[in-house]
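This is what each chain is made of:
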Amino acid sequence: MVLSDRSIKEQLLAGRIRVEPLDPDDIQPSSIDLHLGARFQVFRNSRYPYIDPSREQSGLMELVSASAEEPFVLHPGEFVLGATIERIVLPSDIVARLEGKSSLGRLGLLIHSTAGYVDPGWDGTLTLELSNVANLPIVLSPGMAIGQISFTMMSTPVDRPYGSPGLGSRYQGQVDPTPSRSHDER
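Given the structure is predicted, the values throughout are model-derived calculations rather than measurements. (Residues numbered from 1 in each chain as written. Predicted model: local features only at pLDDT ≥ 70, side-chain atom pairs only at ≥ 80, totals over all residues. Heavy atoms only, no water.)

## Regarding the pattern of salt bridges
A full pass over the atoms with the stated rule returns seven salt bridges. When the shortest N-O distance is used, the salt bridge between Arg 16 and Asp 93 registers 2.6 Å. A residue pair is termed long-range when its members are at least 10 positions apart, and Arg 16 in the loop between helix 1 (5–13) and strand 1 (18–20) and Asp 93 in the loop between strand 7 (87–89) and strand 8 (94–100) qualify at 77 residues. Among the residues examined, Asp 93 registers a relative accessible area of 14% and is labelled buried. (Salt bridge = Lys/Arg side-chain N within 4 Å of Asp/Glu carboxyl O. Helix = DSSP H or I, 4+ residues; strand = E, 2+ residues; numbered from the N terminus. Buried < 20%, exposed > 50% of the residue type's maximum accessible area, 1.4 Å probe, protein only.)

Set out below in structure tokens:
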């Protein structure tokens, strides 16, 4: 079942779910609002003629920073990686779902292509897959509300939470937007 605001607060108070930092005003009826960090991974289009997911392509992406004075501008058709300010920590019996803010979606901003699922045992910030499907550039300011996370209680705790040895959890503990590690497939 999806946790209500009351259940989210109980889980936070018990330390089972951690969202750091957390402003209590960000707790919504069945989710918590998340905010955009200041760092972005952008493609260096001149580095490689194509993307090969099976190989490590050093320098394919470049880390850039934005600020309130110089926000990041996402152009139409552009795709970059961002990250939440908040670190999320989940127990072994709760899974989370990341979704965009409807007000930003109505402007053409998508915050994930496929990475909207947060496994039990997760610990780290969330990398955002930011796409602009509008016809005009969109200004992305560090600290802006960018998405929301909801939580679902599982029927039982998982046997091997994300980050367990031998599981191949490539993104556990990430802090910045983290480029693909698909070349590390088992």
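## Considering the sheet that holds strand 1
Two orientations exist for strands paired in a sheet by backbone hydrogen bonds: parallel and antiparallel. Ordered in space as 1-7-11, the three strands form an open sheet in which the pairing is antiparallel. The open sheet has two free edges, formed respectively by strand 1 and strand 11 (123–124), since each of these has just one partner strand. The pairing of strand 1 with strand 7 spans three bridges and is classified as antiparallel. By the bridge assignment for strand 7, Val 19 is matched with Ile 88. (Pairing = 2+ DSSP bridges.)

## A look at the side chain of Thr 178
With respect to the secondary-structure elements, Thr 178 resides in the segment after strand 14 (145–153). Polar side-chain contacts of Thr 178 include one of 3.0 Å to the side chain of Gln 174. A polar atom in the side chain of Thr 178 sits 2.9 Å from the backbone oxygen of Asp 176. Excluding residues within four positions of it along the chain, Thr 178 makes contact with Leu 81, Thr 127 and Tyr 171. (Polar contact = N/O pair within 3.5 Å; in protein donor to acceptor, adjacent residues only side chain to side chain. Contact = heavy atoms within 4.5 Å.)

## Points about the nonpolar core
Formed by 35 residues in total, the largest nonpolar core has its most connected members in Leu 90, Leu 130, Leu 140, Ile 146, Ile 149 and Phe 151. Of all the elements in the fold, those that place two or more residues in this core are helix 1, strand 2 (32–35), strand 3 (39–43), strand 5 (72–74), strand 8, strand 12 (127–132), strand 13 (138–140) and strand 14. For Phe 151, the contacting residues outside a window of four places in its chain are Met 1, Val 2, Leu 3, Ile 8, Ile 17, Val 19, Ile 32, Leu 90, Ile 94, Val 95 and Ala 96. (Core = buried A, V, L, I, M, F, W, Y, C linked by side-chain atoms within 4.5 Å.)

## Remarks on the pairing of strand 14
On a regular strand, one side chain projects to one face of the sheet and the next to the other, so that they alternate. When strand 2 meets strand 14, the two strands line up antiparallel, connected through four bridges. Its bridge partner lying in strand 14, Leu 34 is registered against Gly 147. Across seven bridges, strand 8 lies against strand 14 in antiparallel orientation. Residue pairing for strand 14: Ala 96 is matched across the bridge by Phe 151.

## Structural notes on helix 1
All of the buried residues in helix 1 are Ile 8, Gln 11 and Leu 12. Considered in projection along helix 1, the buried side chains sweep an arc of 100° and stay on one side of the axis. Away from the buried face of helix 1 by more than 90 degrees, exposed residues Arg 6 and Leu 13 are located. One or two residues past the end of helix 1 sits Gly 15, with phi positive at roughly 80°. (Arc of directions from axis to C-beta.)

## Describing the packing of aromatic side chains
The final tally for this structure, using the stated rule, is three aromatic pairs. Ring centres 4.3 Å apart and planes at 20° place the aromatic pair Phe 40 and Phe 72 in the stacked group. On the criterion of sequence distance, the pair formed by Phe 40 in strand 3 and Phe 72 in strand 5 is long-range, its members being 32 residues apart. The same class applies to Phe 40 and to Phe 72, which are both buried. Geometrically, the ring pair formed by Trp 122 and Tyr 162 is tilted, given 5.3 Å between the ring centres and 50° between the ring planes. Of the two residues, Trp 122 is situated in the loop between strand 10 (117–118) and strand 11 and Tyr 162 in the segment after strand 14; the sequence distance between them amounts to 40 residues. Here Trp 122 and Tyr 162 have matching classes, each one buried. (Phe/Tyr/Trp six-rings, centres within 6.5 Å; stacked < 30°, edge-to-face > 60°.)

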